[in-house]
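Each chain, written out:
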Amino acid sequence: MRITAPCEISLMELLHRNFPETSATKLKKIIQCGCVRHNNAVVKHPEFVLSEGDTIEYTKYEAKRTYRERTSVPILYEDGTIVASFKASGTPLTGKTTGGIRSLNNSLNADLSRQHKGSVAVTPVMSLRVEENGICVFCKRDELRRKLQETCAKAIKHYRVWVCGTFENTSGELTSWAQLNFKGFLRQWKDEPDENTVQCDIKYTVARAEKEITLLDIEMIQIFENQLCMQLSHSGYPVLGDKQNTLYKVDYPFPYTFNYRLEIPHPANGKPLILTTSLPDFFTNEKNDKKTVKKSS
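Residues numbered from 1 in each chain as written. Predicted model: local features only at pLDDT ≥ 70, side-chain atom pairs only at ≥ 80, totals over all residues. Heavy atoms only, no water.

### Focus: empty space enclosed by the protein
Across all of its chains, the model carries one cavity of 30 Å³ or more by this definition. For the largest cavity, the calculated volume is near 40 Å³. Looking at the largest cavity, the residues that line it are Ser127, Glu132, Tyr159, Gln222, Asn226, Gln227 and Leu228. Within the lining of the largest cavity, the residues separate by chemical class into two nonpolar, four polar and one charged. (1 Å grid on protein atoms, 1.4 Å probe; cavity = no way out; pocket = protein on both sides within 12 Å on 5 of 7 lines; lining within 4 Å. Points joined across faces, edges and corners; volume = space filled by probe spheres on them. Nonpolar A, V, L, I, M, F, W, Y, C, P; charged D, E, K, R; others polar.)

Quick look at the structure:
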């Protein structure tokens, strides 16, 4: 069965409009079981965004009961070239099992090998610190890995971030100039641009403001690893919980950054691909009175 999106809409909402008698819980499980394809790729994330005119192929789930797919990590999107997954804070992206925690790359390889009943090895094409949350993209085909790495590096990324401090304007832009070393890591910040600096821009919108902290919706192109936390700290708005880039200490175990949306051209066919994941409660603009912030010098 083919279904066409009437506007920009999430996969979950599109199916709910077409099958209003089916509960949201069952629709979510049906998606996660791999019953929906888009551009010949299985889409397993309910919040996957479809553009106006996009067509999906829906296969009716025949089993009497619907069970969630048994995987150790959530797969948001998968086709013959790309696998997109979500990395939680505290999980290393690559490397061996440390302290009983397996890296996302190793877990994903094990899940895919079990699912496809054969050896499958994918390679990450994005860099995320152990403390960071967000979408990760992996490449299945070695011949397209470099192209996908360049694509992801220039991609527009959307974050939700809790920062210390307040903003006068509800939206704006933060601009800094970074001098990088030969490996592409930050060497130092500059007050004025010169021939050795790279301009770094962050567009922000205030999603929620409290007395001493602010929730920002951010759009940016990541130029170097850990740019978001470093640039916000340099601009005077350290990320809540980020102890690596600032002396501003808070009682949280990890930086409150969340990469929830990524827009890239598909390396195989060049078509636009939007990868999204839903936001946890603490990253929405709804008030959560159970969360309190305690600062110390």
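We are not done yet, so read on.
### What about the packing of helix H1 (residues 11–18) against helix H2 (residues 24–32)?
At a closest axis distance of 10 Å, the pairing of H1 and H2 adopts a crossing angle of 120 degrees. Between H1 and H2, the angle falls in the class oblique. As for the relative orientation of H1 and H2, their crossing is right-handed in sense. Facing H1, whose interface residues are Leu11, Met12, Leu15 and His16, H2 presents Ala24, Leu27, Lys28 and Ile31. Counted by class, the contact of H1 with H2 contains six nonpolar, one polar and one charged residues. (Axes fitted to C-alpha atoms, helices over the stretch in contact; angles between N-to-C directions. Helix = DSSP H or I, 4+ residues; strand = E, 2+ residues; numbered from the N terminus. Parallel < 35°, antiparallel > 145°, perpendicular 65-115°, else oblique. Left-handed = near helix turned anticlockwise from the far one by under 90°. Contact = heavy atoms within 4.5 Å.)

### What to know about the nonpolar core
Ranked by size, the top nonpolar core spans 36 residues in total, and within it Leu11, Leu15, Tyr77, Val137 and Leu275 carry the most contacts. Per-element accounting of this core gives the leading share, four residues, to H1. Discounting residues that sit within four places of it in the chain, Tyr77 has contacts with His38, Ala41, Val42, Val43, Phe48, Ile82, Val83, Ala84, His266, Leu273 and Leu275. The next biggest cluster of nonpolar side chains, apart from the first, holds 15 residues, and it includes Phe167, Ile202, Ile218 and Leu232. (Core = buried A, V, L, I, M, F, W, Y, C linked by side-chain atoms within 4.5 Å. Buried < 20%, exposed > 50% of the residue type's maximum accessible area, 1.4 Å probe, protein only.)

### A closer look at the pattern of salt bridges
Per the stated rule, a full pass over the model turns up eight salt bridges. Of the charged contacts, one joins Asp111 and Arg114 as a salt bridge, the two residues approaching to 2.7 Å between their closest N and O atoms. Of this pair, Asp111 and Arg114 both sit in helix H3 (residues 104–116), three residues apart, roughly one helical turn. Here Arg261 and Glu263 are joined by a salt bridge, their closest N and O atoms 3.1 Å apart. (Salt bridge = Lys/Arg side-chain N within 4 Å of Asp/Glu carboxyl O.)

### Some details on the packing of aromatic side chains
Enumeration according to the criterion identifies eight aromatic pairs in this entry. Relative to Tyr77, the ring of Phe48 lies with its centre 5.7 Å away and its plane at 15 degrees, an arrangement referred to as stacked. Of this pair, Phe48 sits in the loop between strand S4 (41–43) and strand S5 (49–50) while Tyr77 is found in strand S7 (residues 75–78), placing the two residues 29 residues apart along the sequence. On the basis of relative accessible area, Phe48 is assigned to the buried category, the value being 3%. For Tyr77, a relative accessible area of 2% puts it in the buried group. On the numbers, 4.7 Å between centres and 45 degrees between planes, the contact of Phe167 with Tyr204 is tilted. Within this pair, whereas Phe167 is found in the loop between strand S11 (156–164) and strand S12 (171–180), its partner Tyr204 is found in strand S14 (residues 198–209), the two being separated by 37 residues in sequence. By relative accessible area, Phe167 is classed as buried at 16%. (Phe/Tyr/Trp six-rings, centres within 6.5 Å; stacked < 30°, edge-to-face > 60°.)

### Here we look at the side chain of Thr277
Considering the arrangement of structural elements, one finds Thr277 in the loop between strand S18 (272–276) and strand S19 (295–296). Given a relative accessible area of 10%, Thr277 falls into the buried group. Once residues within four sequence positions are removed from consideration, Thr277 is found in contact with His45, Leu76, Phe86, Ile135, Phe258, Asn259 and Tyr260.

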